[in-house]
2 protein chains.
Amino acid sequence: MTPALDYAHSQAAHFRAQLHDFLRIPSVSADPDYTVEVKRAADWLFDHLKNMGLHVELIEMADRHPLIYAEWLGAGSDAKTVLIYGHYDVQPAIIEDGWDTPPFEPTEKEGFIYARGATDDKGQMFAHVKAVEAVLKSDGKLPCNIKLIFEGEEESGGRHLAHFIKTHGKRLNADVCVVSDGSMMTIDQPIISNALRGIMAMEVTVQGPTQDLHSGMYGGTVHNPLQALAEILAQLHHADGSVAVPGFYDDVLPLTPQERAEIAAVPWDISDWQQETGATHPWGENDFSLNERIGARPTLEINGMAGGFYGNGFKTVLPAKAIAKISCRLVANQDPQKIQEQVIAYIRQLAPATVTLEFKYHGTGQPVLVKTDIPVMQAAIQAYQRGWGAAPVFKREGGSIPVVADVQNTLGIPVILMGFGLNSDGLHGPNEHFSIEMFHKAIDTSIHFLYAVAEQ
Amino acid sequence: MTPALDYAHSQAAHFRAQLHDFLRIPSVSADPDYTVEVKRAADWLFDHLKNMGLHVELIEMADRHPLIYAEWLGAGSDAKTVLIYGHYDVQPAIIEDGWDTPPFEPTEKEGFIYARGATDDKGQMFAHVKAVEAVLKSDGKLPCNIKLIFEGEEESGGRHLAHFIKTHGKRLNADVCVVSDGSMMTIDQPIISNALRGIMAMEVTVQGPTQDLHSGMYGGTVHNPLQALAEILAQLHHADGSVAVPGFYDDVLPLTPQERAEIAAVPWDISDWQQETGATHPWGENDFSLNERIGARPTLEINGMAGGFYGNGFKTVLPAKAIAKISCRLVANQDPQKIQEQVIAYIRQLAPATVTLEFKYHGTGQPVLVKTDIPVMQAAIQAYQRGWGAAPVFKREGGSIPVVADVQNTLGIPVILMGFGLNSDGLHGPNEHFSIEMFHKAIDTSIHFLYAVAEQ
């Protein structure tokens with residue numbers, strides 16, 4: 001693999017110049033005014049991959065931004081196949097948001113590339129593209145088959161890729177899927193995210209009287225829906241921070257000592273937590289570390305609540321109803337649908353006869369857990385050790401990336417979350433940036449990964 | 001008093017025509033566009049009272065609507081003095097709100113006068129004015145001294161009258177104050193409201209993390225302020241519906257068997273409650289009847305609550321803060337300031353170390369209780385028996401009328417809430433109306449009251 005690394009190193013400046021061209025296209029998917037630019041980014045990517053010698057397709061999505069699919073299957077049907085996922089669309093950005101340099105005029109400064117999409121996700125996905133090019137150009141072939149799928153609506157909540165996976169999943173068949181869209185904590189310590197939580201989101205409305213009442217004329221005789229809702233919500237957790245919904249933890253897999261050791265190796269502790277949240281006292285399940293609570297334990301959160309009069313001033317209203325938005329983050333082996341039913345049953349059980357309930361559903365998403373002892377994960381570990389000079393640690397993420405569950409659960413392909421961004425890269429905010437050192441280390445690591453997978 | 005009653009009956013149509021003139025003036029105090037009209041109503045009232053032979057003053061209030069003060073002190077310093085309170089301003093009204101007839105073009109239909117202010121308060125206060133006129137015109141004098149104070153900002157939350165009472169209270173000195181601004185339940189059963197609850201209104205903000213957090217990335221480690229607030233609010237009441245704030249009931253006077261019997265005589269029960277609230281199951285202090293809970297017991301209500309995202313859709317936010325607006329309705333002998341301190345101390349005690357609290361204050365008002373065995377109340381009972389042919393029952397109101405506490409507590413004058421409106425008169429809504437029969441019965445009753453007070 002030395003020739004590929006040599007090629008990548010010799011082309012470093014050129015690769016970055018190409019990335020700058022890619023970053024210059026304001027492919028803001030959420031804003032209809034930028035539809036032409038999103039298409040321009042798709043075309044740019046199409047041409048770029050084609051010029052690399054890959055078979056490329058631009059797959060039109062009805063009324064939405066196209067998918068770009070590329071492949072090189074020259075390693076033969078006995079060889080391993082690697083699927084690489086990324087997205088070429090970006091979050092909105094205007095200089096007035098607080099950018100020091102124009103967001104769509106990439107600027108290299110003190111070791112970083114500043115531009116919208118630098119880290120999320122153009123910079124990261126481009127590192128994998130360049131790794132493929134480096135191997136292909138230096139060796140004339142790849143050690144394994146390659147499929148690349150890039151979407152253009154990740155930042156606008158689009159789910160066309162999920163639909164494509166359901167309907168054309170066979171085309172994406174592979175031994176492993178590398179997801180480029182992630183992050184690490186520091187540049188020195190590579191991190192592989194090996195779990196994502198699932199989600200169940202819903203809303204409960206507590207209805208009391210048929211209309212808002214004067215709190216003076218009826219207070220003390222009507223069960224105030226805000227109070228009834230508070231009484232219900234206060235019983236959703238035990239005093240020890242655990243969720244009180246019966247059966248909530250039934251399907252949670254207990255952590256093995258090795259898994260706990262893996263999680264404990266993540267370099268993030270209470271002082272990081274305090275700095276990031278501004279809160280003073282942690283809260284939650286005492287028997288689990290902060291990292292375990294975030295990534296390896298399910299939670300129930302109240303995301304919103306409202307009722308009565310909450311503007312400036314005061315109104316002596318006894319409201320007719322009150323609402324709460326509730327979500328659960330779920331871990332591997334939990335079924336979001338089953339959890340939804342359990343939460344609803346428990347809320348119904350808690351609700352007094354003085355009020356009626358109504359539920360609204362805001363969707364579910366499957367959790368993902370990638371075992372760390374499977375061969376492709378071992379290949380990833382090897383790749384980081386070679387590309388970074390350091391063994392990666394495994395982190396269970398608290399959030400959700402729907403595409404990962406789609407790939408792993410629908411296609412049955414193990415996913416490696418090979419994220420090279422840093423949490424501090426300012427993704428979604430002003431002055432988004434990507435470390436130049438990270439970009440080149442990412443290319444090296446991706447090259448190592450292609451060979452390591454082939455060796456398995 | 002027969003000549004006065006005869007005069008009032010003979011002038012019935014004329015009195016109503018005068019009331020129509022008064023109602024035609026759109027004296028909407030809350031809307032600056034109507035300032036001229038409010039002044040026109042004040043001038044109309046000034047002239048009207050002057051023509052009746054009273055000494056009248058228009059008292060300008062800085063930047064606000066004037067007070068009208070009138071008096072007839074010809075009964076001499078040994079005679080009793082009656083102070084009559086009313087307000088000549090009205091709520092806003094436009095025909096588009098659902099009025100069947102123009103709100104400022106009084107219309108008599110099926111025994112009712114339809115107009116904004118017909119019942120609240122022009123019609124009611126004018127009945128007392130006409131009673132004074134009937135006695136004065138038919139007898140050439142009054143059996144007691146009379147003071148009338150009419151304000152022009154009752155419907156716009158003005159407190160200039162309170163200031164006037166504090167600074168010029170001596171001018172209003174009297175043996176009894178009749179407040180015209182009230183209501184009864186049915187035309188057949190006269191009701192005297194002999195209690196009003198006081199109020200204490202405040203707001204608590206629960207702050208957790210310094211900014212909104214991603215509920216996936218931090219959920220399960222941060223005490224969600226919405227949850228912390230729900231946990232606090234859920235502990236403000238005991239399961240039996242009583243308020244859990246320590247000391248809350250300390251100063252509440254126990255009800256005597258006679259007082260309970262008085263309250264039980266109010267013709268309003270659970271079927272009325274169900275019809276008015278649309279709720280199915282009553283709630284609150286089981287040891288007290290619905291009427292007792294509303295008028296004779298203090299309460300604590302959550303009037304509003306909000307935090308996180310509560311619009312359409314869903315956001316997985318773990319909010320930095322949550323707020324609740326809380327008010328207490330208080331009964332005689334309770335001190336709003338003391339209750340505020342108790343509520344705050346209790347909330348502070350309930351709050352976990354994971355959050356910080358901030359309080360905002362939205363004002364207090366004193367409770368009022370008028371004993372039913374005092375002479376002026378006996379005079380009122382007599383007046384109703386003569387004017388209505390039925391003995392009044394006593395009702396303790398759940399709401400608050402600040403001026404009543406100002407008069408009774410600041411001036412030390414017992415207040416008789418002689419309301420002739422009906423709850424069903426549509427006050428503050430479209431098609432506000434006042435029963436013609438009620439208007440004339442009110443004049444008769446007010447005439448009887450002047451003589452009954454003089455007899456005491």
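Residues numbered from 1 in each chain as written. Chains lettered and ligands numbered in written order. Predicted model: local features only at pLDDT ≥ 70, side-chain atom pairs only at ≥ 80, totals over all residues.

Regarding its fold elements, chain A presents 14 helices and 20 strands. Its C-alpha atoms give chain A a radius of gyration of 25 Å, near enough to 23 Å, the size a compact globule of 456 residues would have. Oriented by its inertia axes, the alpha-carbon framework of chain A measures out at about 85 × 50 × 45 Å. Here chain A holds 456 residues, and 53% of them are scored as buried. (Helix = DSSP H or I, 4+ residues; strand = E, 2+ residues; numbered from the N terminus. Rg over C-alpha atoms; globule rule 2.2 N^0.38 Å. Buried ≥ 20, exposed ≤ 12 C-beta atoms within 10 Å, placed from the backbone.)

What follows concerns the relation of the copies chain B and chain A. Here chain B sits on chain A after a turn of 180 degrees about the axis and a move of 0.1 Å along it, with an RMSD of 0.2 Å. Such a turn and shift between the copies fits a two-fold axis. A symmetric contact is evident, with 100% of the interface residues of chain B recurring at the interface of chain A. (Least-squares fit on C-alpha atoms with pLDDT ≥ 70 in both. Contact = placed C-beta atoms within 7 Å.)

The next subject is helix α13 (residues 402–411) of chain B. Residues and elements named next belong to chain B. Every buried residue belonging to α13 is among V403, V404, D406, V407 and Q408, and all of these are buried. Elements that come into contact with the buried residues of α13 comprise β3 (81–87), α5 (160–168), β7 (176–179), β9 (191–196), β16 (368–369) and β18 (415–417). G412 lies just past α13 and shows a positive phi near 70 degrees.

All right, on to the packing of helix α2 (residues 12–23) of chain B against helix α4 (residues 122–139) of chain B then. All names here are of chain B. Taken N-terminus to C-terminus, the directions of α2 and α4 make an angle of 135 degrees; their axes are 11 Å apart at the nearest point. Viewed along their axes, α2 and α4 adopt a mutual orientation that is oblique. Between α2 and α4 the crossing geometry is right-handed. On the side of α2, the interface is formed by F15, L19, F22 and L23, while α4 contributes K122, G123, F126 and K130. (Axes fitted to C-alpha atoms, helices over the stretch in contact; angles between N-to-C directions. Parallel < 35°, antiparallel > 145°, perpendicular 65-115°, else oblique. Left-handed = near helix turned anticlockwise from the far one by under 90°.)

Moving on to the domain arrangement of chain A. All names here are of chain A. Considered domain by domain, chain A is made up of domain 1 (2–196 + 367–455) and domain 2 (198–252 + 298–365). Centre-to-centre separation of domain 1 and domain 2, based on C-alpha positions: 40 Å. Residue-level contacts link 7 residues of domain 1 with 8 residues of domain 2. Split by residue class, the side of domain 1 that touches domain 2 holds 5 nonpolar, 2 polar and no charged. (Domains from an automatic or database assignment. Nonpolar A, V, L, I, M, F, W, Y, C, P; charged D, E, K, R; others polar.)

This part covers helix α3 (residues 35–51) of chain B. Residue and element names in this part refer to chain B. With 17 residues, α3 should reach 24 Å at 1.5 Å per residue; the first-to-last C-alpha distance of 24 Å fits that figure. For α3, the complete set of buried residues consists of V38, A41, A42, L45 and L49. Down the axis of α3, the buried set is contained in an arc of 100 degrees. They therefore lie on one face. Structural note: α3 exposes V36, D47, K50 and N51 on the side pointing more than 90 degrees away from its buried face. Trailing α3 by a residue or two, G53 shows a phi angle of about 100 degrees, which is positive. (Expected span 1.5 Å × (residues − 1). Arc of directions from axis to C-beta.)

Here we take up the interface of chain B and chain A. It is common to give the size of an interface as the accessible area lost on bringing the parts into contact. The partner chain A presents 63 residues to the 63 residues of chain B that form the contact. For the side of chain B that touches chain A, the secondary structure elements donating two or more residues are β11 (213–214), α6 (215–218), α7 (225–233), α9 (270–277), α10 (290–295), β12 (299–308), β13 (317–318) and β14 (321–330) of chain B. In terms of residues, the side of chain B that touches chain A owes the most to one element, β12 of chain B, which gives 9 residues. The class makeup of the residues in the side of chain B that touches chain A is 26 nonpolar, 29 polar and 8 charged. The pairing of strand β12 (residues 299–308) of chain A with β12 of chain B spans 5 bridges and is classified as antiparallel. Paired with A306 of chain A across the two strands is A306 of chain B, which belongs to β12 of chain B. (Pairing = 2+ DSSP bridges.)

This brings us to the sheet that holds β14 of chain B. The sheet built from 8 strands is open, its strands ordered β15(A)-β10(A)-β14(A)-β12(A)-β12(B)-β14(B)-β10(B)-β15(B) with antiparallel pairing. Where the open sheet ends on each side, the last strands, each with one partner, are β15 (356–365) of chain A together with β15 (356–365) of chain B. The average angle at which neighbouring strand axes cross in this sheet is 20 degrees, direction not considered. When β12 of chain B meets β14 of chain B, the two strands line up antiparallel, connected through 8 bridges. Opposite T299 of chain B, over in β14 of chain B, you have R329 of chain B as the bridge partner. Here helix α7 (residues 225–233) of chain A sits on the sheet and contacts β10 (198–207), β12 and β14 (321–330) of chain A together with β12 of chain B; the angle it forms with β14 of chain A, its principal contact strand, is near 20 degrees.

Here we come to the sheet that holds strand β5 (residues 112–114) of chain B. Picture the strands of a sheet paired through backbone hydrogen bonds; they go either parallel or antiparallel. Residue and element names in this part refer to chain B. What the 3 strands build is an open sheet, ordered β4-β5-β20; its pairing is antiparallel. Each end of this open sheet is capped by a strand with a single partner; those strands are β4 (107–109) and β20 (433–435). Here the average twist between neighbouring strands, direction ignored, is 25 degrees. Across 3 bridges, the pairing between β5 and β20 is antiparallel. The residue of β20 that forms the bridge with I113 is F434. Contacts from helix α14 (residues 436–455) reach β4, β5 and β20, with the element oriented near 60 degrees to β20.

Glancing now at the pairing of β14 of chain A. Residue and element names in this part refer to chain A. Summarising burial for β14: 9 of the 10 residues are buried, a large majority. By the bridge criterion, 10 bridges tie β10 to β14 in an arrangement that is antiparallel. Looking at the pairing, V204 lines up with A324 of β14.

Packed helix pairs are specified by the crossing angle of their axes together with the interaxial distance, meaning the distance between the axes. Residue and element names in this part refer to chain B. Between α4 and α14, the least distance of the axes is 8 Å, while the angle of their chain directions is 50 degrees. The orientation of α4 with respect to α14, classified from their angle, is oblique. Where α4 crosses over α14, the handedness of that crossing is right-handed. Touching G123, Q124, A127, H128, K130, A131, A134 and V135 of α4 are F439, A442, I443, S446, I447 and L450, all from α14. Of the residues in the contact of α4 with α14, the class split is 9 nonpolar, 4 polar and 1 charged.

By secondary structure assignment, the location of Q91 of chain A is in the loop between β3 (81–87) and β4 (107–109). The residues contacting Q91 of chain A, other than those within four sequence positions of it, are R116, E155 and H428 of chain A.

Per-residue confidence for chain A gives a mean pLDDT of 94; residues scoring 70 or more make up 100%. Overall fold confidence for the complex sits at a pTM of 0.87, while the interface term, ipTM, reaches 0.87. (pLDDT = per-residue confidence, 0-100.)

Looking along the chain, the bond that leaves D120 of chain A and enters D121 of chain A is cis, with omega of 0 degrees. Secondary-structure assignment places D121 of chain A in the loop between β5 (112–114) and α4 (122–139). One non-glycine residue, N431 of chain A, lies in the positive phi region at around 55 degrees. Here N431 of chain A lies in the loop between β19 (421–422) and β20 (433–435). Even without being glycine, E110 of chain B reaches a positive phi, approximately 45 degrees.

All names here are of chain A. Here D406 is to be found in helix α13 (residues 402–411). Residue class for D406 comes out buried when judged on the 25 C-beta atoms lying within 10 Å of it. Separated by 245 residues in sequence, D406 and L161 place their C-alpha atoms 8.9 Å apart. If sequence neighbours within four positions are ignored, D406 has contacts with A162 and I165.

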